Amino acid sequence: MRATAIVASVCLSAAALVWIGYTAIREWQRAATMVAMRNSEAAADLLESALARDMRAAQTSVLAAAERDGLILSSNEDLLRPIASALARYPYLETFFAWRRLPDRDSVAFFARADRFPSWLPRTASERAYPVVETADPATARQLADRLMKDGWQARRFSIFEMVVGGATHQNVAVLSYADPLHERVTGGLGFMVDLAWAKRQYFDDIVAQVGLMERGRGVRFAVLDEREQPVSGGGASPRAPQSRRAFPVLFFDP
């Protein structure tokens, strides 16, 4: 009886230890999963915030500042410095365009990067100190003018639309200037164009890499998917790993 009791006691003790160990492991796994989920949520929020802030910055800081400082009606020479600065700071900007009076095929001037010049723009020699080429493109200017004036007739402050240029869809954002408080007569404007295909190929990779450096110590991996769930940037995570998703519109302005 005593031996049986000792054996039973040892077995019960071993079973208790196994149960305690199993419970501890389950609690540790649950706690680790919760931490990983919180890290995933925080990282997703960070990337979403970084994308929204950067994609809206050219409109909110460049166009709005030009409107506030009265640069919209300045000469093209005066616009070169802020345009060069914006092109250097925001890689998604392909081209700026500006005009005074009513926009038409002859009044719209285009400003593009010298080192990433759009294939659809005619290139002209530039002796300026800035890495920006100023040129004209009457055909594209006519397309822009027709669309800009529709928003001008509706007295809108910003004109935002998509247009196919050079075989690629561009998102165009412009701020309009008016001669009177009632916005009855357009006197000029300044805007920029974003090649959406280029942004899909290049822009998201860069910003995802920058945010990834900030989260490197947490083992977080980012991926940007398009509307068809196809990867645009980043690598995929393990299907068993906690994941957080955020949907965001591809809008280079503040809606």
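In what follows, the accompanying structure is described. (Residues numbered from 1 in each chain as written. Predicted model: local features only at pLDDT ≥ 70, side-chain atom pairs only at ≥ 80, totals over all residues. Heavy atoms only, no water.)

## Some points on the overall build of the protein chain
- Assigned secondary structure in the protein chain consists of four helices and eight strands.
- Put simply, the protein chain runs from its N terminus to its C terminus through helices and strands in the order α-α-β-β-β-α-β-β-β-α-β-β.
- Every one of the 255 residues in the protein chain was classed for burial, and the buried ones make up 39%.
- Carbon together with sulfur atoms contributes 55% to the accessible area of the protein chain, which is approximately 14900 Å² in total. (Helix = DSSP H or I, 4+ residues; strand = E, 2+ residues; numbered from the N terminus. Buried < 20%, exposed > 50% of the residue type's maximum accessible area, 1.4 Å probe, protein only. Areas by Shrake-Rupley, 256 points an atom, 1.4 Å probe, with all protein chains shown as cover.)

## Remarks on the nonpolar core
- Membership of the largest hydrophobic core comes to 45 residues, with the highest contact counts inside it found for Tyr92, Leu93, Phe96, Leu190, Phe192, Tyr203 and Phe252.
- Mapped onto this core, the elements with two or more residues apiece are helix 1 (2-68), helix 2 (76-89), strand 1 (95-100), strand 2 (109-113), strand 5 (168-178), strand 6 (186-195) and helix 4 (196-214).
- Ranked by residue count, the leading element in this core is helix 1, at ten residues.
- Apart from residues no more than four positions distant in its own chain, Tyr92 is found in contact with Asp54, Met55, Arg56, Ala57, Ala58, Arg113, Arg116, Met193, Val194, Trp198, Tyr203 and Phe252. (Core = buried A, V, L, I, M, F, W, Y, C linked by side-chain atoms within 4.5 Å. Contact = heavy atoms within 4.5 Å.)

## Some words on the pairing of strand 4 (residues 158-165)
- By the bridge criterion, eight bridges tie strand 4 to strand 5 in an arrangement that is antiparallel. Looking at strand 5, one finds that Glu162 is bridged to Gln171.
- Counting the residues that bridge the hairpin from strand 4 to strand 5 gives two residues, and of these Gly166 lies at a positive phi of roughly 60 degrees. (Pairing = 2+ DSSP bridges.)

## A short note on helix 2
- In this model helix 2 runs 20 Å from its N-terminal to its C-terminal C-alpha over 14 residues, within 8% of the 20 Å that 1.5 Å per residue would give.
- Along helix 2, the helix axis deviates most sharply at Pro82, where the bend reaches about 25 degrees.
- What helix 2 keeps buried is the set Asn76, Leu79, Leu80, Ile83, Ala84, Ala86 and Leu87. (Expected span 1.5 Å × (residues − 1). Bend = angle between axes of the 7 residues up to and from the residue.)

## Things to note about the layout of surface pockets
- Each pocket or cavity is described by its volume, and for the second largest pocket that value is around 240 Å³.
- Forming the boundary of the second largest pocket are Ala50, Arg53, Asp54, Ala57, Arg89, Pro91, Tyr203, Asp206, Ile207, Gln210, Val211 and Met214.
- Only helix 1 and helix 4 provide two or more residues apiece to the lining of the second largest pocket.
- The element that contributes the greatest number of residues to the lining of the second largest pocket is helix 4, accounting for six residues.
- Split into classes, the residues belonging to the lining of the second largest pocket amount to seven nonpolar, one polar and four charged. (1 Å grid on protein atoms, 1.4 Å probe; cavity = no way out; pocket = protein on both sides within 12 Å on 5 of 7 lines; lining within 4 Å. Points joined across faces, edges and corners; volume = space filled by probe spheres on them. Nonpolar A, V, L, I, M, F, W, Y, C, P; charged D, E, K, R; others polar.)

## Quick notes on unusual backbone geometry
- Of note in this structure, Ala155 is not a glycine but carries a positive phi near 60 degrees.
- Structurally, the position occupied by Ala155 is in the loop between helix 3 (138-153) and strand 4.
- In this structure Ala155 comes out as partly exposed when scored by relative accessible area, which is 29%.
- We note that His183 has phi near 60 degrees; this positive angle belongs to a residue other than glycine.
- As for its position among the elements, His183 is in the loop between strand 5 and strand 6.

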